[in-house]
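Residue-level structural notes
As a plain string of letters, each chain reads:
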Amino acid sequence: MNKMQVIKELLESGVGMVISVPTNGGYSTEIVEDANDVLQYLENREAFYAKAHGCTLREYLLWEEDKYSAMCSATTSKGKPCRNTVTGGQDVPVRRWLELQGEYCWMHGGD
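Here goes a summary of the coordinates provided. Predicted model, so just to flag it, every value in this text is computed and none were measured. (Residues numbered from 1 in each chain as written. Predicted model: local features only at pLDDT ≥ 70, side-chain atom pairs only at ≥ 80, totals over all residues. Heavy atoms only, no water.)

1. Quick notes on the nonpolar core
To be explicit about the condition: Working definition of a nonpolar core: buried Ala, Val, Leu, Ile, Met, Phe, Trp, Tyr and Cys residues. They are joined through side-chain atoms within 4.5 Å. Exposure classes here rest on a 1.4 Å probe applied to the protein chains alone. A residue is buried below 20% of its type maximum, exposed above 50%, and partly exposed in between. Helix numbers and strand numbers start at the N terminus; a helix is a DSSP run of H or I with at least 4 residues, a strand a run of E with at least 2. Throughout, a residue-residue contact means that at least one pair of heavy atoms, one from each residue, lies within 4.5 Å.
The biggest cluster of nonpolar side chains holds 24 residues, and the ones touching the most others in it are I7, V32, F48, Y49, Y60, W63 and W97. Residue assignment for this core shows that the elements contributing at least two residues are α1 (3–12), β1 (17–23), α2 (35–43), α3 (45–53), α4 (57–65) and α5 (94–99). Of all the elements, α2 adds the most residues to this core, at four residues. Those residues within four positions of I7 in sequence are excluded, and the remaining contacts are M17, A35, V38, L39 and L42.

2. Some thoughts on the side chain of S69
Within the secondary structure layout, S69 lies in the loop between α4 and α5. Those residues in contact with S69 that lie beyond four places of it in its chain are T85, G89, Q90, D91 and W97.

3. Concerning a nonpolar patch on the surface
Heads up, the condition is: Patch definition: residues above 30% relative accessible area lacking any salt bridge, with like charges linked at up to 9 Å and the nonpolar side chains Val, Leu, Ile, Met, Phe, Trp and Tyr linked at up to 5 Å. Using the Shrake-Rupley algorithm and a 1.4 Å probe, accessible areas are obtained, with residue cover drawn only from the displayed protein chains. Any carboxyl oxygen of Asp or Glu within 4 Å of a side-chain nitrogen of Lys or Arg constitutes a salt bridge here.
Side chains of M1, V6, L10 and V15 sit close together on the surface and give an oily, nonpolar patch of about 350 Å² of accessible area. Tracing the backbone through its elements, the reader meets M1 in the segment before α1.

So, in structure tokens, the structure goes:
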């Protein structure tokens, strides 16, 4: 019996599956009823997390890399990326993080 068959049999027999998805504030609980989602989680957790957040895998990984905060889009006088957080961009959900891309911190003319 392969993984998919086992997962389907478990779901069809009434076994509930819950997956904790990392968020900016801890974790959210995803109730999984589709065997394909369980298989995706087993094969690529980050892709599953991205789907749960409604974004692409690349967006999810960048949001996570930025520690859930939207960073200033300016460069410093030394030519390096500014690492200040934009106003209202600290510890935000991925949707808000996406909205704030391209914005600036208070030092570089942001709100």
